[in-house]
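In case you want the letters, here they are:
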Amino acid sequence: MVALRCARPRREGEPALRLLFAGTPEAAVPSLDALLGSRHDVVAVLTRPDARAGRGRRSVRSPIAERADAAGVPVLQPRSPREPAFLEQLTDLAVDCAPVVAYGALVPPAALELPRHGWVNLHFSLLPAWRGAAPVQHAIMAGDQLTGAATFRLEAGLDTGPVYGVVTEPIGPADTAGDLLGRLALSGAGLLVATLDGIEAGTLVAEPQPTDGISLAPRIETADAQVDWALPATVVDRRVRGLTPAPGAWTLWRGDRLRLGPLTPVTGDDPGLAPGELSVRPDGVLVGTGSGAVRLGQVQPAGKRLQPAPDWARGARPTAGEVLGA
């Protein structure tokens, strides 16, 4: 449910907002699609520069750049939005507002001041909870049962601006970060359009964020995604789901990295395994934790494809007492 006041119907002949849309990853595409289908005018898109990717290190455009190309919308890709050339472009565009969804770079004060309605950020949490780059991942890893998305006016602080509206979304017991982000990207797109409608109509007022309930969600690097088998099984489960698909949870196996897909805490009798200890059984591959055990789902050995854990175990042939994480 969108928690904002509805905009009045647009009167015939009223101008829509001229928009610069800023975004980069796949999660931002539903919002761009929704704005392209709205009464507002997306006059340009701001996204991160093309990056080298894959074994051939070929240049790859961002999902937002590809979508803008298909729609015939001009694409701006400065190395930094602080560049004078970009600020000149933004001035020349004379946009009314700049909606932002996971752009991936800090917008400087000089740019924040140019659109008359500012920059409106769609953030995938219920602010002030989980301010930062990885709100969905941190919400799952923390064991939250409810999250959502919020639109707020961008300012110099980290996700501190006043909030226009929110949508809520329950977190299911098997949700991965990818699952949850996919749903929030869709519901958040509707929230973003409704927010811009309200701004255009003059009926929507942003409210300051509460001063309590603040939590931070810093970016999670690959090194941070190593599983600590000394944690309880329920915590290991949440961490792995929160790190799926990116950056991807992993552990060590015989000195090499083993990537882990979602796993399942074992219910019933405790198999009595030490943290990280492996046990290959007819009902799957179990691993001990600090409290209880988990059943591995899919795993990906170094240089190989993702595969079911029993298939991996048949090839790896772990011996009694061998452990993951060493």
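Parameters and conventions
Residues numbered from 1 in each chain as written. Predicted model: local features only at pLDDT ≥ 70, side-chain atom pairs only at ≥ 80, totals over all residues. Heavy atoms only, no water. Pairing = 2+ DSSP bridges. Helix = DSSP H or I, 4+ residues; strand = E, 2+ residues; numbered from the N terminus. Buried < 20%, exposed > 50% of the residue type's maximum accessible area, 1.4 Å probe, protein only. Patch = residues over 30% accessible without salt bridge, like charges linked within 9 Å, V, L, I, M, F, W, Y side chains within 5 Å. Areas by Shrake-Rupley, 256 points an atom, 1.4 Å probe, with all protein chains shown as cover. Salt bridge = Lys/Arg side-chain N within 4 Å of Asp/Glu carboxyl O. Core = buried A, V, L, I, M, F, W, Y, C linked by side-chain atoms within 4.5 Å. Contact = heavy atoms within 4.5 Å. Polar contact = N/O pair within 3.5 Å; in protein donor to acceptor, adjacent residues only side chain to side chain.

A.B. asks: Describe the sheet that holds strand β16 (residues 298–301), naming the residues involved and giving the relevant values.
C.D. replies: The 4 strands lie next to each other as β10-β11-β16-β17, forming an open sheet whose pairing is antiparallel. Lying at the two open borders of the sheet, with one neighbouring strand each, are β10 (249–253) and β17 (307–308). Inspection of the sheet shows β16 paired to β17 by 2 bridges, in the antiparallel sense. The residue bridging Val299 from the neighbouring strand is Gln307, located in β17.

A.B. asks: Please set out the pairing of β16 residue by residue, giving values where relevant.
C.D. replies: Going residue by residue along β16, you find Val299 and Pro301 tucked away on one face and Gln298 and Gln300 left uncovered on the opposite face. Pairing geometry for strand β11 (residues 256–260) and β16, over 3 bridges, is antiparallel. If you follow Arg259 over to β16, its bridge partner there is Gln300. Hairpin connection of β16 to β17: 5 residues between the antiparallel strands, including Gly303 at a positive phi of 80°.

A.B. asks: Could you give an account of a nonpolar patch on the surface, naming the residues involved and the relevant values?
C.D. replies: Side chains of Leu158, Ile214 and Leu216 sit close together on the surface and give an oily, nonpolar patch of about 290 Å² of accessible area. Summarising the element assignment, Leu216 is placed in the loop between α6 (177–201) and α7 (233–242).

A.B. asks: So what about the nonpolar core? Which residues, and what values?
C.D. replies: If you look at the biggest cluster of nonpolar residues, it comprises 38 residues, and the most contacted ones within it are Phe21, Leu35, Val42, Val45, Phe124 and Leu196. Among the elements of the structure, β1 (18–23), α1 (29–36), β2 (41–46), α2 (63–71), β7 (119–123), α5 (135–141), β9 (163–170) and α6 are those that each provide at least two residues to this core. A per-element tally of this core places α6 first, with 9 residues. If you look at the next biggest cluster of nonpolar residues, it comprises 27 residues, including Val240, Trp253, Val287 and Trp312.

A.B. asks: I'd like a rundown of the environment of Val193, residues and numbers included.
C.D. replies: Considering the arrangement of structural elements, one finds Val193 in helix α6. Along the sequence, Val193 and Leu35 sit 158 residues apart, while their C-alpha atoms lie 6.4 Å from each other. Sequence-distant contacts of Val193, that is, excluding residues within four places in its chain, are made with Ala34, Leu35 and Ser38.

A.B. asks: Explain the pairing of strand β13 (residues 278–281) residue by residue, including any values.
C.D. replies: When β13 meets strand β14 (residues 284–288), the two strands line up antiparallel, connected through 4 bridges. When the sheet's bridge partners are listed, Ser279 is paired in β14 with Leu286. Turn length for the β13-β14 hairpin, with the two strands adjacent in sequence and antiparallel, is 2 residues.

A.B. asks: A description of the environment of Ser38 should follow, citing residues and the corresponding values.
C.D. replies: Among the structural elements, Ser38 can be located in the loop between α1 and β2. In sequence terms Ser38 and Leu87 are 49 residues apart; their C-alpha atoms lie 26 Å from each other. One polar contact links the side chain of Ser38 to the main-chain amide nitrogen of His40, over a distance of 3.1 Å.

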